[in-house]
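Chain and residue survey
In case you want the letters, here they are:
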Amino acid sequence: MKPLLLGLLLAAGVAGAGPSVPLPWVGIPLARLPELGVGVPMLSTEISGWKAPLQAGGFVRVWILPDEAVASAEFAFQQGAVSSRGLPPLAGLPEAEAAGDGAGILLVRDRNVLILVRDPEDQALEVAGRLRAALVTSAPEGTADERTMGDRVWVWDSCGRLTVTP
Amino acid sequence: MRPALLLLAVLAGCSDPPEDTGTPPDDTGTPPDDTAPDDTAPDDTAPDDTAPDDTAPEVSVSVSAAPAFDPILGGPLAIFLTSEGATSVEVQVLDAKGNVVATPTDAWDGRDAKGAWAPAGAYTVQVVGTRGKIRVEDAADVHMVRCGVARAWAEGDEGVSAESVALWWYGTRTLQDLAQPFVSLDALEDVREAATVFPEVTSELVEEPRHGNLPLAFTWDSRPILTLELGEDTVLGSPGLEGADVSLGIPGWTALAGAEGILPDVPVVLQADAPLAAGPSVVETTLEITFEVTGDDAVTHTIGVQNLPVRFYAVYDSPTFTRKQEDQTAWVAAVDPALRALAGVKPDPDAILDALVDWVYYDHDIAYDTYAGASAYTDYISGYDQAVFALSAYLERRFGRIVNCSDCASILVAWANMLGVPLDYTIILSNFYLNYIRAIGCDEYTHCPFGPYGCGFSYHAVTTDDEAATIWDATLALDGDEDPSNPPSSLLMVQHIEGDEYLERLVMSGTAYYEYSEQVVVQ
């Protein structure tokens, strides 16, 4: 990747994760995914967040965790679990933990959010930067989906954050 | 039919049989002459039939017909006549009050003289033969009925002889409601006054259709139980029709209740005589719902047949997911292609799992991620003991065709448990170098699937039904020869290989051990 482009991407990441932004992130507004080059997200009853295809191929997985400590532990586990090779640490991303090669695959933790990008176009760092820049601290009005099975109800807010009752 | 019986069409309107007229047949080839005298008109030159004549033949007629018929379902009532010596023969259909409803020729279509449907009920087909002043008659009682099945349910008996499985439609997130009919007709008759036919079984696998004919799932050795309900427009058992004992049957099925003397408000229950299939498979057939009536002469007449197309998914057993949630069951979109692929496989868990490995490895059109080894469809939640498999996305290959071992293990576990074969995934930990393998979607054996600097796995997911004593793996084929750490390699599919042997053949160096034995959650 060209140094200039990398610099811009990192800057975008910093802008989205600025220190004045309160914690935690609630995720990325799902309505913005098309402009971020991301397809229709799949919501899971087991994971707060979503998974979606990249429009150019590959996919993105976003975990929305309750706080940084939980996210950090999840990052450590997912670093070995999302790939049967294991992902090597990747340094250089400000205010983030990262693993992978930054090209075909990248796992990044931005505070309480984990983002995995698997990009056969080798633009994982760029995609992750776009997504980090789109993180918000309050979800827009509305819900993305709601399901009921038996006496349990799953509700995803407009960022794909999951609430399960009871 | 008795040989002497002739269709009325032959007789209606005919005069004396040729041998009786004394007139030689016209063999001149002369066209019929419209101006010729009507044979039935009085003819002074004709012999006086009324005159005593010891040589004159006896005059007789007889009529027979099925004791019941449904003109819409089975078509017109065939009327069979015999006549001897009569110069004219007339057929009339009379209602219960003796009113003439129709004067058919060879068959009665159930309509009156104005072409309107006559009401269902009891009728008499009367034939009158005359020769001069001699008049003879015969009659047959018939019942015009309306019958037809409008709704059908398929049921089990909790595994005593039949075990049904509710299917899941992931597109609409609906679980098949076995308390509802799998097929229904709004009416037995369509706008063209023809019998309504049952629709073909839906080809939709993702979204449950609101109407149509839904597929059914049973364990392979079930003898399914069908409950059939007659349509509201069935007319049977009403006044005048008490004598029309219509029975319902399906070839190859035995009646359990309600099949003799069927009545509109009494369901008919039948059970298949034989097991659904010889093993896991898709059984597509057409059930011939046959309505019959037996006459006083013990002859059985078919009133009509309704063809009911059915598709049975013959699974090995009820789904074996350990999580009890309505979507952890057999998905239509998953079992349909799997059971078609498994046709001919014997109903044995090992054989089914072996076949699933072949099917996934060769026919799923997926390939191992030799770049990153990343899972596209499987997520572990905070630990390897909780895996979520995005089956709905996988069925559509939404995240692409590049997968890893976690995905292949999830695929096997998901399909096996849907088909009723218990299977878990297990994780081989951790960080070991590989012998020669041929990864799914790859053409060649290698011990470095990720390239020269990628010759090992940090973990590897496989499947087992006995806590890693026996292994199935669709991610890769092993080298089956005596030296799996060097070429050449011989193909060894991972189909019920002992766990220890699997590790010996897979691992070149490093520590490798099995951990966990869990099921995936399918979503």
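In this numbering scheme, every chain counts its residues from 1 along its sequence in written order. The naming scheme follows written order: chains are lettered A onward, ligands numbered 1 onward. Predicted model: local features are reported for residues with pLDDT of at least 70 only, side-chain atom pairs are reported and counted for 80 or more only, and whole-chain, interface and lining totals are derived from all residues. Only hydrogens and water are set aside; all other atoms, that is, all heavy atoms of the structure, feed into the side-chain values.

Our focus in this paragraph is the overall build of chain A. Here a strand is any run of E in DSSP of at least two residues, a helix any run of H or I of at least four, and the numbering for each starts at the N terminus. Scanning chain A from N- to C-terminus turns up 3 helices and 8 strands. When its helices and strands are written in sequence order, chain A yields α-β-β-α-β-β-β-α-β-β-β. Put simply, chain A has 166 residues, and 53% of those count as buried. Of all intrachain contacts in chain A linking residues separated by at least 6 positions in sequence, the fraction that spans at least 24 positions is 48%. Summing over all exposed atoms, chain A offers an accessible surface of approximately 6,700 Å²; the carbon and sulfur share of this is 59%. With a 1.4 Å probe rolled over the protein chains alone, any residue whose accessible area is under 20% of its type maximum counts as buried; one over 50% counts as exposed, and the rest are partly exposed. Contact definition: two residues touch when any of their heavy atoms are within 4.5 Å. Here, Shrake-Rupley sampling with a 1.4 Å probe gives the accessible areas, and only protein chains in the shown set may cover a residue.

Attention now goes to the state of the cysteines. Residue and element names in this part refer to chain B. Sulfur atoms of two cysteines make up a disulfide when they are within 2.5 Å. Applying the stated rule across the entire model yields 1 disulfide over all chains. Between the sulfur of Cys448 and that of Cys455 lies a disulfide, 1.9 Å long from S to S. Disulfide Cys448-Cys455: torsion about the S-S bond near 90°, hence right-handed. The class for Cys455 is buried, based on a relative accessible area of 15%.

Along the chain, the position of Asp119 of chain A falls in the loop between β5 (113-118) and α3 (124-133). An unpaired buried charge is present at Asp119 of chain A: no salt bridge exists, and Arg118 of chain A, the closest side chain of opposite charge, is 6.7 Å distant. When charges are tallied, Lys and Arg are placed among the positive residues and Asp and Glu among the negative ones, while His and the ends of the chain are skipped. Throughout this description, the term salt bridge denotes a Lys or Arg side-chain nitrogen within 4 Å of a carboxyl oxygen of Asp or Glu.

The partner chain B presents 39 residues to the 35 residues of chain A that form the contact. Counting each side, the surface lost to burial between chain A and chain B is near 2,800 Å², with a carbon and sulfur contribution of 49%. Per-residue buried area on chain A facing chain B is highest for Met42, Ser84 and Arg85 of chain A; these three make up 26% of the total on that side. For the pair chain A and chain B, the interface holds 5 salt bridges. Where Arg61 of chain A meets Asp379 of chain B, a salt bridge forms, and the shortest distance between an N and an O atom there is 2.7 Å. Residues adjacent in sequence count toward polar contacts only when both atoms are side-chain atoms; beyond that, a polar contact is any pair of N or O atoms within 3.5 Å, and within protein one must be able to donate a hydrogen and the other to accept it. The tally of links between chain A and chain B comes to 21 residue pairs in polar contact (both at pLDDT 80 or more). Within the residue set of the side of chain A that touches chain B, elements represented by two or more residues are β1 (49-53), β2 (59-64), α2 (68-81) and β6 (143-149) of chain A. Among the residues making up the side of chain A that touches chain B, the classes are represented as 15 nonpolar, 9 polar and 11 charged. Accessible-area loss on putting two parts together, using a 1.4 Å probe and summing over both, is the definition of buried area adopted here. Residues are sorted three ways: Asp, Glu, Lys and Arg are charged, Ala, Val, Leu, Ile, Met, Phe, Trp, Tyr, Cys and Pro are nonpolar, and all the rest, Gly among them, are polar.

Once that is clear, we can look at the sheet that holds strand β7 (residues 152-157) of chain A. Residues and elements named next belong to chain A. Should DSSP find at least two bridges between two strands, the strands are regarded as paired. Overall, antiparallel pairing links the 3 strands, which are arranged β6-β7-β8 in an open sheet. Each of the sheet's edge strands pairs with one partner strand only, and the pair in question is β6 and β8 (162-165). In this sheet, adjacent strand axes meet at a mean angle of 15° when their direction is disregarded. Direction of pairing for β6 relative to β7: antiparallel, over a ladder of 6 bridges. Looking at β7, one finds that Glu146 is bridged to Val155. With axes taken as lines fitted to C-alpha atoms, and helix axes fitted only over the stretch in contact, angles between N-to-C directions fall between 0 and 180 degrees.

A few words now on the packing of helix α4 (residues 349-363) of chain B against helix α6 (residues 405-418) of chain B. Residues and elements named next belong to chain B. At their nearest, the axes of α4 and α6 sit 10 Å apart, and the two run at 135° to each other. If you check the angle between α4 and α6, you find them oblique. For α4 against α6, the interelement crossing comes out right-handed. Contacts between α4 and α6 involve Leu353, Leu356, Val357, Trp359 and Val360 from the former and Ile411, Leu412, Trp415 and Ala416 from the latter. Put simply, angles under 35 degrees are roughly parallel, angles over 145 are roughly antiparallel, angles from 65 to 115 are roughly perpendicular, and the rest are oblique. A crossing counts as left-handed when the near helix is turned anticlockwise from the far one by less than a right angle, and as right-handed when that turn is clockwise.

Residues and elements named next belong to chain B. Taken in spatial order, the 5 strands line up as β3-β10-β9-β6-β7 in an open sheet, and their pairing is mixed. The open sheet terminates on both sides in strands that have one partner only, identified here as β3 (68-69) and β7 (100-102). Pairing analysis gives 7 bridges linking strand β6 (residues 88-94) to strand β9 (residues 121-131), with the strands arranged antiparallel. Counted as the bridge partner of Ser88 is Thr130 from β9.

With that settled, consider the environment of Ser88 of chain B. Residue and element names in this part refer to chain B. If you trace the backbone, Ser88 turns up in strand β6. The class for Ser88 is partly exposed, based on a relative accessible area of 31%. In terms of polar contacts, Ser88 uses its side chain to reach the side chain of Thr130, at 2.5 Å.

What follows deals with the nonpolar core. Residue and element names in this part refer to chain B. Counting 183 residues, the largest nonpolar core has Phe291 and Tyr502 as the members making the most contacts within it. Per-element accounting of this core gives the leading share, 10 residues, to α6. Segmentation into domains, and thus their bounds, comes from an automatic or database assignment. Split by domain, the residues of this core number at least three in each of domain 2 (149-315) and domain 3 (348-522). Dropping the residues within four chain positions of it, Tyr502 is found in contact with Ile428, His460, Val462, Ile471, Asp473, Leu476, Leu478, Val494, Ile497 and Tyr514. What makes a nonpolar core is a set of buried Ala, Val, Leu, Ile, Met, Phe, Trp, Tyr and Cys residues whose side-chain atoms join them at distances within 4.5 Å. Phe69, Ala102, Ala118 and Val127 belong to the second largest nonpolar core, which has 24 residues in total.

The next thing to look at is the packing of aromatic side chains. Think of it this way: a Phe, Tyr or Trp ring, Trp meaning its six-membered ring, pairs with another when their centres are within 6.5 Å, and the plane angle makes it stacked under 30 degrees, edge-to-face over 60, tilted otherwise. Evaluation of the coordinates by the stated rule reveals 21 aromatic pairs over all chains. A ring pair is formed by Tyr368 of chain B and Phe457 of chain B, whose centres lie 6.2 Å apart and whose planes are at 50°; its orientation type is tilted. Linking Tyr368 of chain B in strand β24 (residues 367-368) with Phe457 of chain B in strand β30 (residues 456-464), this pair joins segments that are 89 residues apart in sequence. The exposure class of Phe457 of chain B is buried, given its relative accessible area of 2%. Taken together, the aromatic side chains of Phe59 of chain A together with Trp359, Tyr377, Phe389, Tyr394, Phe399 and Trp415 of chain B make up a single cluster linked through ring pairs. When the NZ atom of lysine or the CZ atom of arginine is within 6 Å of a ring's centre and also within 35 degrees of its normal, the charge is said to sit over that ring. In this structure, Lys51 of chain A is placed above the aromatic ring of Phe59 of chain A, and the distance from its NZ or CZ to the ring centre is 4.8 Å. Just above the ring of Trp117 of chain B sits the side chain of Arg111 of chain B; from NZ or CZ to the centre is 3.9 Å.

With that out of the way, let us pick up the confidence of the model for chain A. One number per residue, pLDDT, summarises how confident the predictor is, and it ranges from 0 to 100. For chain A, per-residue confidence averages 89 on the pLDDT scale, and 87% of positions sit at 70 or higher. Contacts of residues 1-19 of chain A to residues separated by more than four positions or lying in other chains number 25 contacts, the stretch itself having pLDDT below 50.

All names here are of chain B. The element strand β28 (residues 424-434) is extensively covered by neighbouring structure, given that 8 of its 11 residues are classed as buried. Note: β28 against strand β34 (residues 513-518), 4 bridges, orientation antiparallel. The residue of β34 that forms the bridge with Ile427 is Glu515. Looking at chain direction, β28 and strand β33 (residues 507-510) are connected through 3 bridges and run antiparallel. Across the sheet, the residue bridging to Leu434 is Val507, located in β33.

This paragraph deals with the pairing of strand β11 (residues 149-155) of chain B. Residue and element names in this part refer to chain B. For β11, a buried count of 6 out of 7 residues is recorded, marking the element as mostly surrounded by other parts of the structure. As paired elements, β11 and strand β17 (residues 225-230) share 6 bridges and run antiparallel to each other. Within the sheet, the bridge partner assigned to Glu155 lies in β17 and is Ile225. Here β11 runs beside strand β15 (residues 183-184); their pairing, made up of 2 bridges, is antiparallel.

Next up on the list: unusual backbone geometry. In this model, Thr165 of chain A is joined to Pro166 of chain A through a cis peptide bond whose omega is -5°. In this fold, Pro166 of chain A is placed in the segment after β8. Backbone torsion omega between Leu429 of chain B and Ser430 of chain B reads -20°, so that peptide bond is classified as cis. When you line up the elements, Ser430 of chain B lands in strand β28. Despite not being glycine, Glu95 of chain A shows a phi value in the positive range, around 55°. Summarising the element assignment, Glu95 of chain A is placed in the loop between α2 and β3 (97-100).

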